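A look at the structure
Here is how the chains run, residue by residue.
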Amino acid sequence: MIETPNEIRDTIRLRFAKIAQSPHDRPSFAIGPDSAKKLGYDPAEIAGLPATVTESFAGVGNPFGLGELRTGETVLDFGCGAGMDSIIAARRVGPTGRVVGVDATEEMIAKARANAATVGVANVEFHHGEADRLPVANELVDVVISNGAFNLCFDKPAVLAEVYRVLKPGGRLQMADVLLGDDVAESEVERKGAWSD
Ligand SMILES: C[S@@+](CC[C@H](N)C(=O)[O-])C[C@H]1O[C@@H](n2cnc3c(N)ncnc32)[C@H](O)[C@@H]1O
């Protein structure tokens, strides 16, 4: 049965609320610090972060492998989850830079804020919001990063239009995500689980 977009959205939010609040009840996909290390993050950098920062990491790649962040840059992380990438980015751009994390799941935003306070990173802020309606001013951002969120967004052209709107001229997009392979059956694509498992 094909669910409505609202039903699928609710399921996605419930799924990620659970990953924020109970990361040790393992979902069917890889999460946490070991997953980050497998995806190419610096093992020492991951090991140096408190468990609460890394345990709900649910990324599918490493946006930092796509280009360096520079001191003083402003970064947007859409679908920021519990904030691990945002916190890493905030450390990279330093106190003269700024990071804005946006996520559609309130429990993830609450955890990301707590995580930033735990590690004492002050140049990051987190907002509850949707990637296709980013709560960010025009041409504010030097770099947009994202990790595993774009595939969960319904209106992908609208998300890309938002990315373009918030980027300064010449800004960069460093996005890690999953692609739909030719071997995936239509019935699997139509299942709600395809969006949230
Ligand atoms: C696979 S998780 C990745 C989280 C984070 N980037 C990380 O690497 O840990 C995807 C995240 O995207 C968020 N999300 C899903 N749909 C969204 C949307 N339309 N707008 C903003 N965030 C969304 C979810 O709440 C979830 O936290």
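Remember, predicted model here, so these are calculated numbers, not experimental data.

Our next topic: the overall build of the chain. Looking only at helices and strands, the chain has nine helices and five strands in total. Sequence-ordered secondary structure for the chain, helices as α and strands as β, is α-α-α-α-β-α-β-α-β-β-α-β-α-α. With 197 residues in all, the chain has 38% of them scored as buried. Considering only contacts in the chain between residues 6 or more positions apart, those separated by 24 or more positions represent 73%.

So, on to the pairing of strand S4 (residues 141-147). Of all seven residues that make up S4, six are buried, and the element is covered over most of its length. Where strand S1 (residues 74-78) and S4 come together, four bridges link them in parallel fashion. What sits directly across from Leu76, in S4, is Val144. Of the strand pairs in this sheet, S4 and strand S5 (residues 167-176) are connected by six bridges, and their pairing is parallel. For Val144, the partnering residue across the bridge sits in S5 and is Leu173. With helix H7 (residues 156-166) bridging S4 and the parallel S5, this β-α-β connection has right-handed handedness.

Looking at the ligand, there are 23 residues lining it, with Gly59, Gly79, Gly81, Thr105 and Gly148 nearest. Counting residues per element, the ones that place at least two in the shell around the ligand are helix H1 (5-21), helix H5 (84-93) and strand S2 (98-103). Among the residues forming the shell around the ligand, the class breakdown is 14 nonpolar, six polar and three charged.

With that settled, the discussion passes to the sheet that holds S4. Strand order in the open sheet formed by five strands is S3-S2-S1-S4-S5, and the pairing between neighbours is parallel. Because the sheet does not close on itself, it has two edges, and the strands there are strand S3 (124-128) and S5. Adjacent strand axes in the sheet meet at a mean angle of 20 degrees when their direction is disregarded. One ladder, built from five bridges, connects S1 with S2; its direction is parallel. Pairing of Phe78 across the sheet is with Val102, part of S2.

This brings us to H7. The periodicity of an α-helix, 3.6 residues per turn, causes residues three or four positions apart to be oriented the same way. Those residues of H7 not exposed but buried are Val159, Glu162, Val163 and Val166. One side of H7 carries all its buried residues, which in axial view fall inside an arc of 100 degrees. Away from its buried face, by an angle of more than 90 degrees, H7 presents the exposed residues Pro157 and Ala161. Lining the buried residues of H7 we find S1, S4 and S5.

Here Gly79 shows up in the loop between S1 and H5. Each C-alpha atom of the pair Gly79 and Val102 lies 5.7 Å from the other, and the pair is 23 residues apart in sequence.

Among the 10 residues that make up H5, eight are buried, leaving the element largely enclosed by the rest of the structure. Residues of H5 that are buried: Met84, Asp85, Ser86, Ile87, Ile88, Ala89, Ala90 and Val93. Phi for Gly94, located one or two positions after H5, is positive at around 75 degrees.

Reading the values: the criteria
- Residues numbered from 1 in each chain as written.
- Predicted model: local features only at pLDDT ≥ 70, side-chain atom pairs only at ≥ 80, totals over all residues.
- Helix = DSSP H or I, 4+ residues; strand = E, 2+ residues; numbered from the N terminus.
- Buried ≥ 20, exposed ≤ 12 C-beta atoms within 10 Å, placed from the backbone.
- Contact = placed C-beta atoms within 7 Å.
- Pairing = 2+ DSSP bridges.
- Right-handed = clockwise from strand over helix to strand, strands pointing away.
- Near = placed C-beta within 6 Å.
- Nonpolar A, V, L, I, M, F, W, Y, C, P; charged D, E, K, R; others polar.
- Axes fitted to C-alpha atoms, helices over the stretch in contact; angles between N-to-C directions.
- Arc of directions from axis to C-beta.

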